[in-house]
Amino acid sequence: AVEAPRSPSSTSCFCLQAEFAADQKRCLDAPNGLCMCIVDKETNEPVGVYNFMNNVPAMLKIEVGGIWFSPIVQRTKANLEATHLACKYLFGLGYQRVEWKCNALNERSRKSALRMGFKFEGVQDAHLIIKNRRRDTAWFRILADEWPEVEAKQLEMLQTPPPEK
């Protein structure tokens, strides 16, 4: 039986290493995607995963997703930098639409998408079944003609020093 969506804490947690590995295997095996490892430039250590997904070259659209960062770099500019580089690359190739989708309950991901310049398009109810639960999906996007303004905002954010603790 399929369950209704649960609380936000159950939206993106991998409780076991095997669950994380299975999720990454699914991304690696996707016929219309590309799974990439994010490596810290200073330490040369892997710190995250970033995916190009649901690639439809004939329609010049693609999704960035399956994004995961180690706690070591969470709340840093790692996600912003990775997203900026991904969008710059994709729009440079001629894509007209870059999408960001997340569990509608995942407020952290939704805020991140908005902060990086993606525009909210709405929620698709019962979009997916994940872990035997119905998932409502929040949709965000950047269009090619919006990219210059979004890129300027992202670059400004990347140049801004982090607040003092």
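First, a word on scope: everything that follows refers to the structure included in this document.

What counts, and at which threshold
- Residues numbered from 1 in each chain as written.
- Predicted model: local features only at pLDDT ≥ 70, side-chain atom pairs only at ≥ 80, totals over all residues.
- Heavy atoms only, no water.
- Helix = DSSP H or I, 4+ residues; strand = E, 2+ residues; numbered from the N terminus.
- Buried < 20%, exposed > 50% of the residue type's maximum accessible area, 1.4 Å probe, protein only.
- Contact = heavy atoms within 4.5 Å.
- Pairing = 2+ DSSP bridges.
- Axes fitted to C-alpha atoms, helices over the stretch in contact; angles between N-to-C directions.
- Salt bridge = Lys/Arg side-chain N within 4 Å of Asp/Glu carboxyl O.
- 1 Å grid on protein atoms, 1.4 Å probe; cavity = no way out; pocket = protein on both sides within 12 Å on 5 of 7 lines; lining within 4 Å.
- Points joined across faces, edges and corners; volume = space filled by probe spheres on them.

Some details on the environment of Ala 138
Assignment of secondary structure puts Ala 138 in strand 6 (residues 133–143). Taking relative accessible area as the criterion, Ala 138 reaches 0% and is therefore assigned buried. Among residues more than four places away in sequence, those in contact with Ala 138 are Trp 100, Lys 101, Cys 102, Ala 104, Arg 110, Phe 120, Gly 122 and Val 123.

Some thoughts on the sheet that holds strand 5 (residues 119–130)
The mixed open sheet is built from 6 strands, whose spatial order is 1-2-3-4-6-5. Looking along the sheet, the strands with just one partner apiece sit at the ends: strand 1 (34–39) and strand 5. Across the sheet, the mean angle from the axis of one strand to that of its neighbour is 30 degrees, orientation sign disregarded. Judged from the 7 bridges that link them, strand 4 (residues 97–103) and strand 6 form a sheet pairing that is antiparallel. Residue pairing in the sheet places Trp 100 in a bridge with Phe 140 of strand 6. The sheet strands contacting helix 3 (residues 107–115) are strand 4, strand 5 and strand 6, and the helix crosses strand 4 at an angle near 160 degrees.

Regarding the pattern of salt bridges
Opposite charge on two side chains lets them pair, provided their charged atoms get close. For the coordinates displayed, the defined rule picks out 9 salt bridges. Here Arg 97 makes a salt bridge to Glu 121, at a shortest N to O gap of 2.5 Å. Of this pair, Arg 97 sits in strand 4 while Glu 121 sits in strand 5, and the two are 24 residues apart along the sequence. A salt bridge links Lys 119 to Glu 146; the nearest nitrogen and oxygen atoms lie 3.4 Å apart. With a gap of 27 residues between them, Lys 119 in strand 5 and Glu 146 in the loop between strand 6 and helix 4 (147–159) connect regions that are remote in the sequence. Exposure remark for Lys 119: the relative accessible area of 43% places this residue in the partly exposed category.

Observations concerning the layout of surface pockets
Volume-wise, the second largest pocket comes out at about 450 Å³. Lining the second largest pocket we find 19 residues, and of these Ile 38, Val 39, Ala 78, Glu 81 and Ala 82 sit closest to its centre.

Geometric values such as these leave the question of function open.
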